[in-house]
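# Examining the three-dimensional arrangement
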Number of protein chains: 4
Amino acid sequence: MNDHSVFGVPGPPVPPGDPGRDAAALRAVGAGAGAPEGRPGRPGRRRSDDSRRAILAAAFEIVSEVGYARLTVEGIAARAGCGKQTIYRWWPAKADVLLDALAEQADLHVPLTDTGSYAGDLRAFLAASFALGGSREVAGVLRALMAEAQIDQDFGARFRAAFLRRRREALGVILDRARTRGDLPAAPPPGTVADIVFGTLWYRLLATREPLDEALIGDLVGVLTAA
Amino acid sequence: MNDHSVFGVPGPPVPPGDPGRDAAALRAVGAGAGAPEGRPGRPGRRRSDDSRRAILAAAFEIVSEVGYARLTVEGIAARAGCGKQTIYRWWPAKADVLLDALAEQADLHVPLTDTGSYAGDLRAFLAASFALGGSREVAGVLRALMAEAQIDQDFGARFRAAFLRRRREALGVILDRARTRGDLPAAPPPGTVADIVFGTLWYRLLATREPLDEALIGDLVGVLTAA
Amino acid sequence: MNDHSVFGVPGPPVPPGDPGRDAAALRAVGAGAGAPEGRPGRPGRRRSDDSRRAILAAAFEIVSEVGYARLTVEGIAARAGCGKQTIYRWWPAKADVLLDALAEQADLHVPLTDTGSYAGDLRAFLAASFALGGSREVAGVLRALMAEAQIDQDFGARFRAAFLRRRREALGVILDRARTRGDLPAAPPPGTVADIVFGTLWYRLLATREPLDEALIGDLVGVLTAA
Amino acid sequence: MNDHSVFGVPGPPVPPGDPGRDAAALRAVGAGAGAPEGRPGRPGRRRSDDSRRAILAAAFEIVSEVGYARLTVEGIAARAGCGKQTIYRWWPAKADVLLDALAEQADLHVPLTDTGSYAGDLRAFLAASFALGGSREVAGVLRALMAEAQIDQDFGARFRAAFLRRRREALGVILDRARTRGDLPAAPPPGTVADIVFGTLWYRLLATREPLDEALIGDLVGVLTAA
DNA sequence: TCTTAAACGAGACGGTACGTCCCGTCTTCTT
DNA sequence: AAGAAGACGGGACGTACCGTCTCGTTTAAGA
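Definitions and limits used
Residues numbered from 1 in each chain as written. Chains lettered and ligands numbered in written order. Predicted model: local features only at pLDDT ≥ 70, side-chain atom pairs only at ≥ 80, totals over all residues. Heavy atoms only, no water. Near = heavy atom within 4 Å. Polar contact = N/O pair within 3.5 Å; in protein donor to acceptor, adjacent residues only side chain to side chain. Helix = DSSP H or I, 4+ residues; strand = E, 2+ residues; numbered from the N terminus. Contact = heavy atoms within 4.5 Å. Buried area = accessible area lost by both parts, 1.4 Å probe. Salt bridge = Lys/Arg side-chain N within 4 Å of Asp/Glu carboxyl O. Least-squares fit on C-alpha atoms with pLDDT ≥ 70 in both. Axes fitted to C-alpha atoms, helices over the stretch in contact; angles between N-to-C directions. Parallel < 35°, antiparallel > 145°, perpendicular 65-115°, else oblique. Left-handed = near helix turned anticlockwise from the far one by under 90°. Nonpolar A, V, L, I, M, F, W, Y, C, P; charged D, E, K, R; others polar. Buried < 20%, exposed > 50% of the residue type's maximum accessible area, 1.4 Å probe, protein only.

Under an unreviewed UniProt entry, the name given to chain A is AcrR family transcriptional regulator, and the organism recorded is Sphaerisporangium krabiense.

What follows is the structure in structure tokens.
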């Protein structure tokens, strides 16, 4: 397997053991995006996949049209044609809806194809990451999620676990491979490489809002393969 | 002059020529932190400096105690013992209050002492910047401001102009000096150096929330002086 | 049927045919006092009758204690233990709340018993009307409503339709009966009789604030049955 | 002297004895309309008559244009080109400004010419009173004043003393003359006559808002001279 | 087939904060 | 001392959403 899925990798969508109170929270991150099957052997109506998709689409559209500040749960429900409770039942906060919507709308898969060299792998990884931010809508959602992660501590934890950490793990695969191969520079250490790579990327997105272009990829690869 | 003030450098706080309608909005960013002098030769009660300071202190305290999500204009007014209108009169949004509060509470001056080498200058710059983020309260405010800058477009523009750009300009002084001195590496270009430096810094603050430590300074300086 | 209810006479409180968009506004005047039944066969939580009653009671109490000038929607909500929106959802203005509270608290029914003579009917009508104004609280509410009707044009129209007109209609029944019976004086015409009767009553209430006593009843009946 | 001035009759406009704290309140009612002379032998700037007139005119215009609900002290000051303090210095409430504005704008003098008969005097009195209410603007102001008198107890007392009582006194002159002359009916007593006359008049103004026409005069005179 | 249980749409609920308006007071400089 | 100007502390407005709580309805699983 060459690809690394951002969401949904580690386990089955629904924890089979305990459909308890916190199940929604767990499901909502990384798994809410998956199939909406409630545990099979249970009475009662099943989760509506139509609603789920309508909600994600509505959230993505609204945030694209009017921005995160004007994204409200009531607005999502109205556009999706569902009740508010249906949203609160499955996602703990509107940012989680957006996180799932991102996974639904954008291709978050990072190619981890072995290009034969650390520089090549890095270049491919950066190109794919930059492509993501190339979409105005996706960039807006990413900015909103990172912002909300600062404001809502709980969502921050979920965002780190479900999104940021997986990107770092993906980069980790490349670094492992380079170490095995023997063309990984001694410095800086892998953790710092990740900080520099993702830091630069996010800084462009959040602070300068300049496009993520080819030149930057060259510069970053240059800096990280120099020593 | 060796120091570079983050706020208030380029010009006098109050535009001397035209005390026009939008002066309040202008003053509120980066200059609202300055003295609250309405032009003296004008009728009418003067802006209360007591209130101004009470508001900034209240904002900083509240955000330190309960976080940005629970910082409200009403809460600031209540703690500062002033009316809400007094806040709205001088700051366009609560984030602007916080931006001024930051300038009031934290030492935002960056030392630009010439240490004799690019590496030394960079090391000093990073140490001072990291020291800022070392305070739990200041780090919290910085996170909140960057978050709000993503959510409120107008504040984003003010935040970039009043804060982010000035930090880049400070770093620019170091890079200029290195170029003159002749020990600036050919790559990466200055703009990318800034992206990498600030990107890494902010990424630690926003994403990993790991402490900004000595090791990271060494790694960054190493990477940027290698080529 | 001998009695003439001030509110709710012409039809059932809730128009059975069409529960349209403006139903709330209609219900709020003269019918808001009735049962709070949203049509049963509708989804969604029903209107809370506890809240409705608590709001009316709170409004009446506050206005009795501190006067109409210090009656605020926020105060009503606080005392009633409900949200402000619950008030705004069902009444267009605080005066309408008070109008319903009046109907809830005071006996606004006017006895139209046939006493056998115009003078007797009139005397009974006046006695019942005066009794209303005899309560300090009810008199205060009536003054406030008439005042608000002057200041808020829209409420004025509702007040006339829901209160003033119905009183006139009640008096009209007496006049009709007298005409049929043949003991109605030729002059003045019925409309003027109503103007004189209600005018004198309201003038005492609003302008002189003297008690509405037996002597005045005698004088009025005397004047109107003289010719 | 045949005429009876509504305002300013009983005494000199400025109480000569004590220019104390409450002087403004006293002067403001019925006397604020008079000459704006501060006590002559006093240092300091004299009261500006320009401002006084500008304020009264502004108040009358605003209330005519947008109604009493939207009449604010700030609005008056802005249109009059004066400071708010200048209003608060001379009038205790905006309704008092309006009361003075009414006296300034409308002819409130009631003709007490002796027509030779009670019926004739009454007819002339009513015609003059009805003429007042014929102006849309003046009617609006009267409605607002009576409304405010219900809501603000203190203004109510001033309004009764400065306006309502004087109208009653004017009618009292007619009644006295009729008694002397011998053509005053035994019933109803003078107080009730005033209640009926003014009650009917105000009721038309406040409640039915129908025009005050000739027919009503005839009916009233008929009723009151019948017995 | 009937019962039970869950999810659904709808929408009212108690509540918090918003940003605005205006109050009446308090400086400040000018007349 | 009064005037224009205008900032001040304060209170209420009417609105927007929050997250929760009924409602009647729909859909499934188990009896």
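In the vicinity of DNA strand E there are 45 residues, among which Tyr88 of chain B, Ser51 and Arg89 of chain C together with Gln85 and Tyr88 of chain D approach most closely. Between DNA strand E and Gly81 of chain A there is a distance of 3.5 Å, counted from a sugar or linking oxygen to a backbone nitrogen or oxygen. Note that a phosphate oxygen of DNA strand E is positioned 3.0 Å from one of the side-chain N or O atoms of Trp90 of chain A. Mapped by element, the contributors of at least two residues to the surface near DNA strand E are helix 4 (84–90) of chain A, helix 3 (73–80) and helix 4 (84–90) of chain B, helix 4 (84–90) of chain C together with helix 3 (73–80) and helix 4 (84–90) of chain D. At five residues, the largest contribution of residues to the surface near DNA strand E is made by helix 4 of chain C.

In this section: the interface of chain A and chain B. Contacts between chain A and chain B engage 32 residues on the former and 32 residues on the latter. Here chain A and chain B share an interface that buries about 2,900 Å² over both sides, 64% of which is from carbon and sulfur atoms. Interface area lost by chain A to chain B is led by Gln150, Ile151 and Tyr203 of chain A, which between them contribute 22%. Linking chain A with chain B are two salt bridges. Between the two partners, chain A and chain B, sit twelve residue pairs in polar contact (both at pLDDT 80 or more).

With that out of the way, let us pick up the relation of the copies chain D and chain C. Once chain D is rotated about the relating axis by 179° and shifted along it by 0.1 Å, it coincides with chain C to within an RMSD of 0.2 Å. Viewed as a symmetry operation, the transformation between the two copies matches a two-fold axis. An overlap of 100% is found between the interface residues of chain D and their copies at the interface of chain C, pointing to a shared contact surface.

Residue and element names in this part refer to chain B. In contact at an axis separation of 10 Å, helix 8 (residues 153–181) and helix 9 (residues 190–208) are set at 125° when each is read in the N-to-C sense. As far as their axial angle goes, helix 9 and helix 8 are oblique. Note on packing geometry: the crossing formed by helix 8 with helix 9 is right-handed. Two secondary-structure elements touch here, helix 8 through Phe159, Phe163, Leu164, Arg167, Arg168, Leu171, Leu175 and Arg179 and helix 9 through Pro190, Gly191, Val193, Ala194, Asp195, Val197, Phe198 and Trp202. Split by residue class, the contact of helix 8 with helix 9 holds eleven nonpolar, one polar and four charged.

Our focus in this paragraph is the protein's contact with DNA strand F. Near DNA strand F lie 49 residues; those nearest to it are Arg46 and Gln85 of chain A, Arg89 of chain B, Tyr88 of chain C together with Thr86 of chain D. Of what DNA strand F places within 4 Å of the protein, 68% of the atoms are sugar or phosphate. The side chain of Trp90 of chain B places a nitrogen or oxygen atom 2.9 Å from a phosphate oxygen of DNA strand F. Only helix 3 (73–80) and helix 4 of chain A, helix 4 of chain B, helix 3 (73–80) and helix 4 of chain C together with helix 4 of chain D provide two or more residues apiece to the surface near DNA strand F. Considering every element that reaches the surface near DNA strand F, the biggest residue donor is helix 4 of chain B, with four residues. Partitioning the surface near DNA strand F into residue classes produces 13 nonpolar, 19 polar and 17 charged.

Okay, the pattern of salt bridges next. Counted under the stated rule, the structure contains 76 salt bridges over all chains. The closest approach of N and O atoms between Arg79 of chain C and Glu61 of chain C, which form a salt bridge, is 2.6 Å. Of this pair, Arg79 of chain C sits in helix 3 while Glu61 of chain C sits in helix 2 (residues 49–66), and the two are 18 residues apart along the sequence. Relative accessible area serves as the criterion here: at 40%, Arg79 of chain C is assigned to the partly exposed category. Looking at Glu61 of chain C, the relative accessible area reads 35%, which means it is partly exposed. A salt bridge links Arg179 of chain D to Asp176 of chain D; its shortest N-O distance comes to 2.7 Å. With Arg179 of chain D and Asp176 of chain D both in helix 8 (residues 153–181) and three residues apart, the pair spans about one turn of that helix. Judged by its relative accessible area of 48%, Arg179 of chain D is partly exposed. On the basis of relative accessible area, Asp176 of chain D is assigned to the partly exposed category, the value being 41%.

The operation relating chain A to chain B is a screw motion whose rotation component is 180°, with 0.0 Å of axial translation and a residual RMSD of 0.2 Å. Here 100% of the contact residues of chain A are again contact residues in chain B; the copies associate through an equivalent surface.

Here we take up unusual backbone geometry. All names here are of chain B. With an omega of -5°, the peptide bond between Ala187 and Pro188 qualifies as cis. In this structure, Pro188 sits in the loop between helix 8 and helix 9. Unlike most non-glycine residues, Arg209 shows phi in positive territory, near 60°. Residue position: Arg209 is located in the loop between helix 9 and helix 10 (214–226).

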